[in-house]
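Architecture at a glance
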Amino acid sequence: MELFSIILLIVLIVSLSGVVVKMLPIQIPLPLMQILLGCILAAFGVYVKFDPELFLVLFIPPLLFADGRKTSVKDFVYNFREIVGLALVLVVISIIALGYLLHWILPNVQLAAGLALAAVLSPTDAVALSGIVGKGRIEKEKMEIIEGEALMNDASGLVSLNFAIAIAAGAIQFDLLQISVTFFVVAIGGLAIGVLFTWLYARILRKINKLTHNDPAIQIVLLFLLPFAAYIIAEECHCSGILAAVSAGMTVNQSGMMRNAPLTARLQSDSTWSMLTFVFNGFVFILLGIQLPSILTNTFAENQTDASIEVWQLCLIVVFVFIALMGTRFAWLWAMKHMPTMPFGTKRPLAFRSYSTRDLLISTFAGVRGAITLAGVLSIPMTIGGRYQLVFIATGIILISLIAAVIILPILLRGSVILDNSEQDNEILTVKGHMAEEAIVSLEKMQNNLLQETTENSMDQEIVNEVGSRVIGSLRRRTGLKDLEQKALEAENLERRMRLVAIGAERTALLQMKIRNEVSEEVFEHLNTDLDIYEKMISGDV
């Protein structure tokens, strides 16, 4: 009962954290505010025992799945070389460089333990970054690379962590060739399982929908279980569960699972996933805040019996490691900027070739650390020598990376345009015009067929002409949008406003009839839901 009460309290705090951020006179990023609120909860005696394995399977699959769903496969493939350069090559470079550095500066830490800490420091957190800089502050092309990196380097970092822990525990011997082969098998296996399982899941879900007459609740629940199933199956096959969850999310849209679903299911699914990702993300950062006081207390307690290092020295090491981490990232970005044209079937230069020094710095400090780093370092066995030092350093890196991004990124982004939608708006208008032209052709054929059939089915020709002219006329106005004709745009906006006013009046009338007991509860709910869906369609939020 106590755990359930704590969970409800954390969910409440997550909900209120967004309100608190809006009310403050100074702008504090939501992730930092949630960490602070977690620390306040800990100060009042709220504590949740952190189980890294449970944390990984409970929070990470749905969050990565949701990010995968929002990722464009086309853009991901286009930026594949850049993403691999950051999510794989940079991770390997960082693990080797930082691993040896940590082994050198920490007297009681073995090389394998240093490599383990370096592995957990490698994954970046795009969610925390979005909460810091806001939407649209970083150019779309650059953000796609950063988000793609964050999707993939979680797996590379954690797989490397498992190898480092096994070496430190003496379970396996260091063999670079064997580790490299196993790494690629684990990664490719995870991706393949996610793709294949999602395609199979989509087929099964279609069969279930037919049996349940497209019940949206059943479809949404089964879709919510998909990332967990993909993760667990991949882990049971000794592959990367994280990459399975990512590839499952990216495959959902390609499989047509939601595209072929009824409108109600699609609308409810989007709303449900939006709520779940908000709660899960907030839960992660509040849990981090709750853990901070106990991590600090444990560090001071264990340091009392450790004569090899002082706490102030650990604090300096945190700063030094962060500088080394950012320096390694900047150096690799700079190297890729000056790298010659790469192979892999294209002569297109890497996107980094066009980066200015400011762009390189933005991409460097955009690599903030977050939940994966905390979960990874806490999964290091208690038997590893100097574990408390590793946990303290990782926690310090998370906080410093967040704070540095809060301070430095707004300075680097000063003067940049916030979400310039002009190009996207023009594309939307042009595509709408082409869609309307095709729709007009189909409707004209339908109208002609109906007019020919009026003598057979007794349909009034005036009705066919009136309805056809009204619908086709509305579409003809839209075809002018591709040329950005102002009158056509004003007509469509005016029509939208009038329809929304009409929906509001209908809803008021329906509510008044309910108050007067002129309509049953079932009919009221049915018609009110229809109005909600129609309003959402008209307002353009679908």
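Residues numbered from 1 in each chain as written. Predicted model: local features only at pLDDT ≥ 70, side-chain atom pairs only at ≥ 80, totals over all residues. Heavy atoms only, no water.

1. Notes on unusual backbone geometry
- Even without being glycine, His238 reaches a positive phi, approximately 60°.
- Mapped onto the fold, His238 is located in the loop between helix H10 (216-236) and helix H11 (241-255).
- Unlike most non-glycine residues, Asn517 shows phi in positive territory, near 60°.
- Looking at where Asn517 falls in the secondary structure, it is placed in the loop between helix H19 (486-515) and helix H20 (521-539).
- Asn517 gets classed as exposed once you look at its relative accessible area, which sits at 70%. (Helix = DSSP H or I, 4+ residues; strand = E, 2+ residues; numbered from the N terminus. Buried < 20%, exposed > 50% of the residue type's maximum accessible area, 1.4 Å probe, protein only.)

2. Here's the deal with the packing of helix H13 (residues 311-337) against helix H16 (residues 387-412)
- As a packed pair, H13 and H16 sit with axes 9 Å apart at the nearest point and diverge in direction by 55°. By the angle class used here, H13 and H16 are oblique. Between H13 and H16 lies a crossing whose hand is right-handed. Across the interface between the two elements, Leu314, Cys315, Ile317, Val318, Val319, Val321, Phe322 and Leu325 from H13 touch Tyr388, Gln389, Phe392, Ile393, Gly396, Ile397, Ile400, Ser401 and Ala404 from H16.
- For the contact of H13 with H16, the per-class residue count stands at 14 nonpolar, three polar and no charged. (Axes fitted to C-alpha atoms, helices over the stretch in contact; angles between N-to-C directions. Parallel < 35°, antiparallel > 145°, perpendicular 65-115°, else oblique. Left-handed = near helix turned anticlockwise from the far one by under 90°. Contact = heavy atoms within 4.5 Å. Nonpolar A, V, L, I, M, F, W, Y, C, P; charged D, E, K, R; others polar.)

3. Structural notes on the packing of aromatic side chains
- Per the counting criterion, the structure on display carries ten aromatic pairs.
- Ring plane angle 40° and centroid distance 5.3 Å describe the contact between Phe55 and Phe59, whose orientation is recorded as tilted. Placement of both Phe55 and Phe59 in helix H3 (residues 52-70) is noted, with a separation of four residues, approximately one turn of the helix.
- Judged by relative accessible area, which is 6%, Phe59 ranks as buried.
- Relative to Phe280, the ring of Phe59 lies with its centre 5.4 Å away and its plane at 70°, an arrangement referred to as edge-to-face. Of the two residues, Phe59 sits in helix H3 while Phe280 sits in helix H12 (residues 263-303), which places them 221 residues apart along the sequence. Here Phe59 and Phe280 have matching classes, each one buried. (Phe/Tyr/Trp six-rings, centres within 6.5 Å; stacked < 30°, edge-to-face > 60°.)

4. Points about the environment of Gly433
- With respect to the helices and strands, the residue Gly433 is situated in helix H17 (residues 422-457).
- In sequence terms Gly433 and Arg476 are 43 residues apart; their C-alpha atoms lie 8.5 Å from each other.

5. Description of a nonpolar patch on the surface
- Residues Leu9, Leu12, Leu16, Val19 and Met23 make up a contiguous nonpolar surface patch of about 450 Å² in total accessible area.
- With respect to the element layout, Val19 can be found in helix H1 (residues 2-23).
- When its relative accessible area of 42% is taken as the criterion, Val19 is described as partly exposed. (Patch = residues over 30% accessible without salt bridge, like charges linked within 9 Å, V, L, I, M, F, W, Y side chains within 5 Å. Areas by Shrake-Rupley, 256 points an atom, 1.4 Å probe, with all protein chains shown as cover. Salt bridge = Lys/Arg side-chain N within 4 Å of Asp/Glu carboxyl O.)

6. Quick look at H10
- The terminal C-alpha atoms of H10 lie 30 Å apart, and with 21 residues this matches the ideal 30 Å at 1.5 Å per residue to within 8%.
- Residue Leu226 marks the point of greatest curvature in H10, where the axis turns by about 30°; the proline Pro227 follows within four residues.
- Once H10 finishes, His238 follows within two positions and takes phi at roughly 60°, a positive value. (Expected span 1.5 Å × (residues − 1). Bend = angle between axes of the 7 residues up to and from the residue.)

7. What about empty space enclosed by the protein?
- Taken as a whole, this structure holds two cavities of 30 Å³ or more when the rule is applied.
- Lining the largest cavity are Leu86, Leu90, Val91, Ser94, Ser122, Glu149, Asn153, Arg329 and Arg369.
- Those elements giving two or more residues to the lining of the largest cavity turn out to be helix H5 (80-105) and helix H8 (140-168).
- The leading source of residues in the lining of the largest cavity is H5, at four residues.
- Considering only residue class, the lining of the largest cavity consists of three nonpolar, three polar and three charged.
- A volume near 30 Å³ is recorded for the second largest cavity.
- What lines the second largest cavity is simply Leu86, Lys142, Ile145, Ile146, Arg329, Leu333, Phe352, Tyr355 and Ser363.
- Those elements that provide at least two residues to the lining of the second largest cavity are H8 and H13.
- Ranked by residue count, the leading element in the lining of the second largest cavity is H8, at three residues. (1 Å grid on protein atoms, 1.4 Å probe; cavity = no way out; pocket = protein on both sides within 12 Å on 5 of 7 lines; lining within 4 Å. Points joined across faces, edges and corners; volume = space filled by probe spheres on them.)

8. Concerning the side chain of Glu149
- Within the secondary structure, Glu149 is located in helix H8.
- Those residues in contact with Glu149, other than ones at most four positions away along the chain, are Ile83, Leu86, Ala87, Leu90, Thr124 and Arg329.

9. A word on the environment of Leu399
- Considering the arrangement of structural elements, one finds Leu399 in helix H16.
- A sequence separation of 30 residues divides Leu399 from Arg369, and the C-alpha atoms of the two residues are 8.1 Å apart.
- In contact with Leu399, not counting residues within four places along its chain, are Ile35 and Leu292.

10. Notes on the nonpolar core
- Core analysis: the biggest nonpolar cluster contains 106 residues, and Ile10, Phe55, Leu106, Leu117, Val377 and Ile393 have the highest contact counts within it.
- Among the elements that take part in this core, H16 stands out by supplying 13 residues, more than any other.
- If near-sequence neighbours (up to four positions away) are discounted, Leu106 is found in contact with Ile309, Leu314, Ile317, Gln389, Leu390 and Ile393.
- Of all hydrophobic cores here, the second largest spans 18 residues; its members include Phe65, Ala66, Leu222 and Ala234. (Core = buried A, V, L, I, M, F, W, Y, C linked by side-chain atoms within 4.5 Å.)

11. Thoughts on the packing of H8 against H11
- At a closest axis distance of 8 Å, the pairing of H8 and H11 adopts a crossing angle of 165°. Taken together, the axes of H8 and H11 are roughly antiparallel relative to one another. Both H8 and H11 take part in a crossing whose hand is left-handed. For the pair formed by H8 and H11, the contact residues are Leu151, Met152, Asp154, Ala155 and Leu158 on the first element and Ile242, Leu243 and Val246 on the second.
- Classifying every residue of the contact of H8 with H11 gives seven nonpolar, no polar and one charged.

12. Some remarks on the pattern of salt bridges
- The final tally for this structure, using the stated rule, is four salt bridges.
- Among the salt bridges present, the one from Arg329 reaches Glu149, with a minimum N-O distance of 2.7 Å. Separated by 180 residues along the polypeptide, Arg329 in helix H13 and Glu149 in helix H8 bring together distant segments of the chain.
- Since its relative accessible area comes to 4%, Arg329 is described here as buried.
- Among the residues examined, Glu149 registers a relative accessible area of 1% and is labelled buried.
- In this structure, Arg516 and Glu518 form a salt bridge, with 2.9 Å as the shortest nitrogen-oxygen distance.

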